[in-house]
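Coordinate inspection notes
Each chain is listed here by its residues.
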Amino acid sequence: MSQDWTEKKERGSMGLLRFMVKLATLLGRRVTRLLLYPIALYFFLVVADSRQASAAYLARVLERKARWYEVFHHFHVFAGVLLDRVYFLQNRVEYFDIEVMQDAYDQEAAETRAGGVFVMGAHMGSFEVVRLVSRAKAELKLVLLMYEENARKIGALMAAINPQAQQEIVPLGNLSAMLTVRDRLAEGGIIGILADRTLSHERNFPATFLGETAYFAVGPFRMAAMMRKPVFLMVGMYRGGNRYEIHIEKIADFSDDEHGERRNSPQAIDAAIAKYVTRLEYFARLAPYNWFNFYDFWQGNAR
């Protein structure tokens with residue numbers, strides 16, 4: 001079942017998201033949520049490789065064989081989070097009960113935050129809630145870094161959902177992206193990246209995740225180290241109904257110490273990735289159905 005995520009995953013989720021946009025706009029959240037059951041059932045029955053990937057992941061995180069209705073529930077939670085993504089982009093936060101469980105960013109010294117930071121997320125829960133951080137603090141600039149094809153698709157969707165809510169999205173993989181990141185950090189901005197997926201031509205970091213070796217991207221952490229900035233992990237966990245929990249943890253600080261000594265060595269980068277993976281595993285076990293990598297995460301990136 002080995003498969004690169006670029007071959008399938010984004011096509012499936014983007015198509016579902018477009019469908020959710022139409023339903024959400026036409027019917028509203030309460031009615032549209034009722035339709036999530038047949039929508040999730042359709043994808044559960046039709047998309048066999050995603051169903052198998054879900055069952056394999058759930059077996060790891062639950063430490064037993066997943067039952068069919070648990071796999072269906074995984075699809076249903078994914079569809080619900082995609083639906084809520086539409087409302088987050090429309091700034092309809094009144095629909096939700098959002099609890100900030102931990103906000104290490106807010107606890108940072110003002111002078112540290114003023115220099116700009118990296119926020120690493122994952123395809124877990126809703127990354128859209130990171131927008132709440134920047135929206136609540138008008139002086140902050142949020143920039144999302146994405147692989148080029150994803151950047152184009154997400155930009156088009158955001159424009160269709162709410163042109164006023166459009167975020168600056170920068171395609172990864174070229175020099176201009178690095179220059180943009182440097183400039184936004186100098187302005188005190190937040191650089192947001194989903195750091196859990198890899199590409200075959202990149203150098204990746206092998207780590208034990210849910211009991212088996214998986215590969216994680218080095219590039220986002222290397223960029224943060226090169227820019228000598230702090231790194232936070234942000235997870236927006238869906239907890240059922242209209243409830244979300246926001247967790248923001250500091251996982252690395254590549255800025256120079258008080259003596260001017262650099263803290264961005266290769267060993268520091270590896271340690272940051274290892275901590276990122278450890279915390280992802282913690283949150284996966286805390287809320288198993290929030291993991292939205294519907295491909296063979298372990299074998300798909302094998303070297």
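These numbers were taken from a predicted model, which means no experiment stands behind them. (Residues numbered from 1 in each chain as written. Predicted model: local features only at pLDDT ≥ 70, side-chain atom pairs only at ≥ 80, totals over all residues. Heavy atoms only, no water.)

Things to note about the nonpolar core
To keep it simple, the criterion reads: What makes a nonpolar core is a set of buried Ala, Val, Leu, Ile, Met, Phe, Trp, Tyr and Cys residues whose side-chain atoms join them at distances within 4.5 Å. Think of it in three bands: residues with accessible area under 20% of the maximum for their type are buried, residues over 50% are exposed, and the middle band is partly exposed, with areas taken using a 1.4 Å probe on protein chains only. Helix and strand assignments come from DSSP, with helices taken as H or I runs of at least 4 residues and strands as E runs of at least 2, each series counted from the N terminus. Contacts are assigned to residue pairs that have any heavy atoms within 4.5 Å of one another.
Grouped together as the largest cluster of nonpolar side chains are 90 residues, with contacts concentrated most on Phe 118, Phe 209, Phe 216, Phe 221 and Tyr 276. With 12 residues, the single largest contributor to this core is helix 5 (residues 68-89). Residues within four places of Phe 216 in sequence aside, it is in contact with Asp 196, Thr 198, Asn 204, Phe 205, Ala 207, Phe 209, Ile 273, Tyr 276, Val 277, Leu 280 and Phe 297.

Points about the packing of helix 3 (residues 36-46) against helix 5
Note the threshold: Axis definition: a line fitted to C-alpha atoms, limited for helices to the stretch in contact. Angles are taken between N-to-C directions and run from 0 to 180 degrees. Here roughly perpendicular refers to angles of 65 to 115 degrees, roughly parallel to angles under 35, roughly antiparallel to angles over 145, and oblique to all remaining angles. The crossing is said to be left-handed when, going from far helix to near helix, the turn is anticlockwise and less than a right angle, and right-handed when the turn is clockwise. Here the nonpolar group is Ala, Val, Leu, Ile, Met, Phe, Trp, Tyr, Cys and Pro; Asp, Glu, Lys and Arg are the charged ones; every other residue, Gly included, is treated as polar.
One way to put it is that helix 3 packs onto helix 5 with a least axis distance of 9 Å and a crossing angle of 120°. With respect to each other, helix 3 and helix 5 are oriented oblique. When the axes of helix 3 and helix 5 are compared, the crossing they make is right-handed. Mapping the contact onto sequence places Leu 36, Tyr 37, Ala 40, Leu 41, Phe 43 and Phe 44 in helix 3 and Trp 68, Val 71, Phe 72, Phe 75, His 76, Ala 79, Gly 80 and Leu 83 in helix 5. Split into classes, the residues belonging to the contact of helix 3 with helix 5 amount to 12 nonpolar, two polar and no charged.

Section: the pattern of salt bridges
Formally: The term salt bridge refers to a side-chain nitrogen of Lys or Arg lying within 4 Å of a carboxyl oxygen of Asp or Glu.
Applying the stated criterion across every chain, the model contains 15 salt bridges. Between Lys 250 and Asp 253 there is a salt bridge whose closest N-O contact spans 3.1 Å. Given a relative accessible area of 26%, Lys 250 falls into the partly exposed group. For Asp 253, a relative accessible area of 21% corresponds to the partly exposed category. Salt bridges sharing partners connect three or more residues here, namely Glu 63, Glu 281 and Arg 285.

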